[in-house]
Amino acid sequence: MWVYMDYGFVLKNYIRYRLHAKDEYSIHSPFMFDLFTKGLQRDADMSQYKGIDVLAKGVAKSWLPNILRAYRRRVLFLCRLLDYFKPKAVLIVGNDGGVCAAYFARTLSESRIFNILCDEEACKDYEAVFKKNSLNNVSFVCANGGKGLEGILEKIGKVDFVLLNGENGNGDWGKTMEEIMPSCDEEGIVVLGDIHCKRDMNELWERVRRDERFRVYADFFLCGAAFMTKRPLKRQYYVLKRK
């Protein structure tokens, strides 16, 4: 995960982020103000995640404990975003050992969650672990190195929330995103992980910021969220502090 980061690149981006990051008092959009104050700044109900850490350690066996703890903070931040919007169908692309899928499954017990991987054996292993732990709303799907993604998306149907998590990607993240976009709901949310930690995700985030299909953008340093909406909003870009 972060073991192979370009730390000079990350440090430069972090300093820039800290200089520009704002809190709720600098937000003038009712849409973003409500999200920030009622969703992202709210404490999560940790009782619903009881036992998930044990599960995460089981599926992400190769991760160092301190890396898993740091990643867990980002995942819990995303869970607050999910809990606020309550999407019915969530698509995760990338292999983070099933950590996101596990936390998302508990946050959205009534929603469908799909995790697309490029490793068929990993799909089988994760499916077995998740079934054993009664996380039955998660499906792991193998895209065979990125091939066959279009057919998979046709079977999944429309999705409300997409996470390109930047972990163990196999191929072009930009191409992957373009293949996914037709499956996004008109009010969909696309989240990119590691936007200031990995150069390929940083380049994709800059492309997304110029994409007219999105109206509102929020940079939280470790991840960026782009919001599609039919509402007549001016294009808005925020650099916001995380709780």
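Reading the values: rules and limits
For every chain, the first residue of its written sequence is number 1, and the numbers climb from 1 along that sequence. It should be noted that, the model being predicted, local features are given only for residues of pLDDT at least 70 and side-chain atom pairs only at 80 or more, the latter also being counted only at that level, while totals for whole chains, interfaces and linings use all residues. Based on all heavy atoms of the structure, the side-chain values leave hydrogens and waters out of the count. Think of it this way: any DSSP run of H or I at least four residues long counts as a helix, any run of E at least two long counts as a strand, and we number them from the N terminus. For every residue, the accessible area obtained with a 1.4 Å probe (protein chains only) is divided by the maximum for its type, and the residue is called buried under 20%, exposed over 50%, and partly exposed between those limits. Contacts were defined at the residue level, with two residues in contact if any of their heavy atoms lie within 4.5 Å. What sets the accessible areas is the Shrake-Rupley method with a 1.4 Å probe; for residues, cover comes only from the shown protein chains. Whether two strands pair depends on DSSP finding at least two bridges between them. In this analysis an axis means a line fitted to C-alpha atoms, helices contributing only their contacting stretch, and an angle means the value between N-to-C directions, from 0 to 180 degrees. Stacked, tilted and edge-to-face are the three classes applied to pairs of Phe, Tyr and Trp rings, where Trp contributes its six-membered ring and a pair requires centres within 6.5 Å; stacked means planes under 30 degrees apart, edge-to-face means over 60, and tilted covers the rest. The patch calculation keeps residues exceeding 30% relative accessible area without a salt bridge and links them within 9 Å when they carry like charges or within 5 Å when they are nonpolar (Val, Leu, Ile, Met, Phe, Trp, Tyr). We define a salt bridge as a contact between a side-chain nitrogen of Lys or Arg and a carboxyl oxygen of Asp or Glu at a distance within 4 Å. The charge count treats Lys and Arg as positive and Asp and Glu as negative. His and the chain ends do not count. A charge is said to be at NZ when it belongs to Lys, at CZ for Arg, at CG for Asp and at CD for Glu.

### Observations regarding the overall build of the protein
Move 1: Within the protein, the regular secondary structure consists of nine helices and eight strands.
Move 2: Residues counted as buried form 53% of the 243 residues belonging to the protein.
Move 3: Counting contacts in the protein only where the partners sit at least 6 residues apart, residues at least 24 apart contribute 71% of the total.
Move 4: If you sum the accessible surface of the protein, you get close to 12100 Å²; carbon and sulfur atoms cover 51% of it.

### Side note on the sheet that holds strand 8 (residues 236–239)
Move 1: Taken together, eight strands build an open sheet; the order of strands is 3-2-1-4-5-7-6-8 and the sheet is mixed. Two strands in the sheet have a free side with no partner beyond their single neighbour: strand 3 (138–142) and strand 8. On average, each strand axis in the sheet is inclined to that of its neighbour by 15°, with strand direction left out of account.
Move 2: Sheet topology note: the strand 2 (residues 112–117)/strand 3 ladder contains five bridges and is parallel. Among the inter-strand pairings, Ile116 is bridged to a residue of strand 3, identified as Val141.

### Focus on the packing of aromatic side chains
Move 1: Scanning all chains against the criterion turns up 14 aromatic pairs.
Move 2: On the numbers, 5.3 Å between centres and 45° between planes, the contact of Tyr49 with Tyr103 is tilted. One end of the pair, Tyr49, is in the loop between helix 2 (30–40) and helix 3 (52–59); the other, Tyr103, is in helix 5 (residues 99–107), with 54 residues separating them in the sequence. You'll find Tyr49 and Tyr103 in the same group, each marked buried.

### Examining a negative patch on the surface
Move 1: The grouping of Asp119, Glu120, Glu121 and Asp125 at the surface amounts to a negative patch.
Move 2: For Glu121, the position within the fold is in helix 6 (residues 120–132).

### Looking at the pattern of salt bridges
Move 1: As enumerated under the stated definition, the model contains ten salt bridges in all.
Move 2: Note that Asp34 and Lys38 form a salt bridge whose closest N and O atoms lie 3.8 Å from each other. With Asp34 and Lys38 both in helix 2 and four residues apart, this pair spans about one turn of that helix.
Move 3: On the basis of relative accessible area, Lys38 is assigned to the exposed category, the value being 51%.
Move 4: In this structure, Arg213 engages Glu178 in a salt bridge whose closest nitrogen and oxygen atoms are separated by 2.8 Å.

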